[in-house]
There are 2 protein chains.
Amino acid sequence: MVSMSRANLGDFEHLVLLAVMRLGDAAYGLAVRGEIERRTDRTVSTGAVYSTLDRLEHKRFVRSSIEQGTVARDNRLRRRYEILPAGRDAVNAAQSDIRAMSRGLILHKGVR
Amino acid sequence: MVSMSRANLGDFEHLVLLAVMRLGDAAYGLAVRGEIERRTDRTVSTGAVYSTLDRLEHKRFVRSSIEQGTVARDNRLRRRYEILPAGRDAVNAAQSDIRAMSRGLILHKGVR
DNA sequence: TTGACATATTCTACAATGTAGTACTATTAT
DNA sequence: ATAATAGTACTACATTGTAGAATATGTCAA
């Protein structure tokens, strides 16, 4: 295995990448925000999402393009994001580090 | 369930807390560093560990005390860290957010 | 048609975290 | 003595996290 440079992922970046992956086609800014807010315990500002997406794009973890809104739903134009291989790798690396550190540990002590 | 303020954890803070938990008695700065380096793919500087531990202590996620080295092993004095309930909660919250976002997703696409 | 509302993005600014590196102290080995 | 090792503290800067305001466009009702 050829090891490479270890571009780490911040915790919020991690969640944003996961949201982009799960949303597929529908991965644009506000949808990412909604996905994170619905699934997690967090409150997310729009600014947080957009600047994070922007940074992830600079790192080539995602790419984006302007989508001319499908007339079917509405006609607004949005910027749609798509995960790139390096983004997937980063997610896997982040999760594998956490797993490696958690393996065998008892979390939840005393939490009912 | 009484929800509370959501103190988030940075990605490195997360790993440091896990290291403190697994090390138990032996959780002092350099040991934390070693534990993370051995188990993950990362390179960790001493500065990174100490300032993170310090910040975690300010947030009351861990507490520390100076241990007068057990003569048995050696006689150096070290600062030993111990996880606090809020620290445990933060780890659980971080992992549960990641799980919630990952649930049902296929990671590893095409990685052999 | 306008104006209220909703959806969407961009930009600015600042706070919180991540990280390297150096300095310092004590102990152990040569 | 002096070098090596183990340990901590501190300084400084880079990267990420986050809020909020500004802007634009589309829809709907009056």
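Residues numbered from 1 in each chain as written. Chains lettered and ligands numbered in written order. Predicted model: local features only at pLDDT ≥ 70, side-chain atom pairs only at ≥ 80, totals over all residues. Heavy atoms only, no water.

Remarks on the protein's contact with DNA strand D
No. 1: Contacts to DNA strand D come from 25 residues, most closely from Gly47(A), Arg55(A), Tyr50(B), Arg78(B) and Arg79(B).
No. 2: The protein-proximal atoms of DNA strand D, defined as those within 4 Å of the protein, are 60% sugar or phosphate.
No. 3: In the environment of DNA strand D, a base oxygen lies 3.4 Å from a nitrogen or oxygen atom belonging to the backbone of Gly47(A).
No. 4: Elements that contribute at least two residues to the surface near DNA strand D include exactly helix 1 (11–23) and helix 3 (46–58) of chain A together with helix 2 (29–39), helix 3 (46–58) and strand 2 (78–83) of chain B.
No. 5: For the surface near DNA strand D, the leading source of residues is helix 3 of chain A, giving five residues.
No. 6: Here the residues of the surface near DNA strand D are counted per class, giving five nonpolar, 11 polar and nine charged. (Near = heavy atom within 4 Å. Polar contact = N/O pair within 3.5 Å; in protein donor to acceptor, adjacent residues only side chain to side chain. Helix = DSSP H or I, 4+ residues; strand = E, 2+ residues; numbered from the N terminus. Nonpolar A, V, L, I, M, F, W, Y, C, P; charged D, E, K, R; others polar.)

Considering the side chain of Glu13(A)
Residues and elements named next belong to chain A.
No. 1: By the element assignment, Glu13 lies in helix 1.
No. 2: Engagement of the side chain of Glu13 in a polar contact is seen with the side chain of Lys59, the distance being 3.0 Å.
No. 3: With near-sequence residues (within four places) excluded, Glu13 lies in contact with Asn8, Thr52, Leu56 and Lys59. (Contact = heavy atoms within 4.5 Å.)

Some details on the interface of chain B and chain A
No. 1: On the chain A side, the residues contacting the 33 residues of chain B number 33 residues.
No. 2: Each partner contributes to the roughly 3000 Å² buried at the junction of chain B and chain A, and carbon and sulfur atoms together form 58% of this total.
No. 3: Among the residues of chain B in contact with chain A, Arg22(B), Arg88(B) and Met101(B) are the three that bury the most area, contributing 20% of the side total.
No. 4: Joining chain B to chain A, the criterion identifies two salt bridges.
No. 5: Where Asp97(A) meets Arg42(B), a salt bridge forms, and the shortest distance between an N and an O atom there is 3.3 Å.
No. 6: There are 12 residue pairs in polar contact (both at pLDDT 80 or more) connecting chain B and chain A. (Buried area = accessible area lost by both parts, 1.4 Å probe. Salt bridge = Lys/Arg side-chain N within 4 Å of Asp/Glu carboxyl O.)

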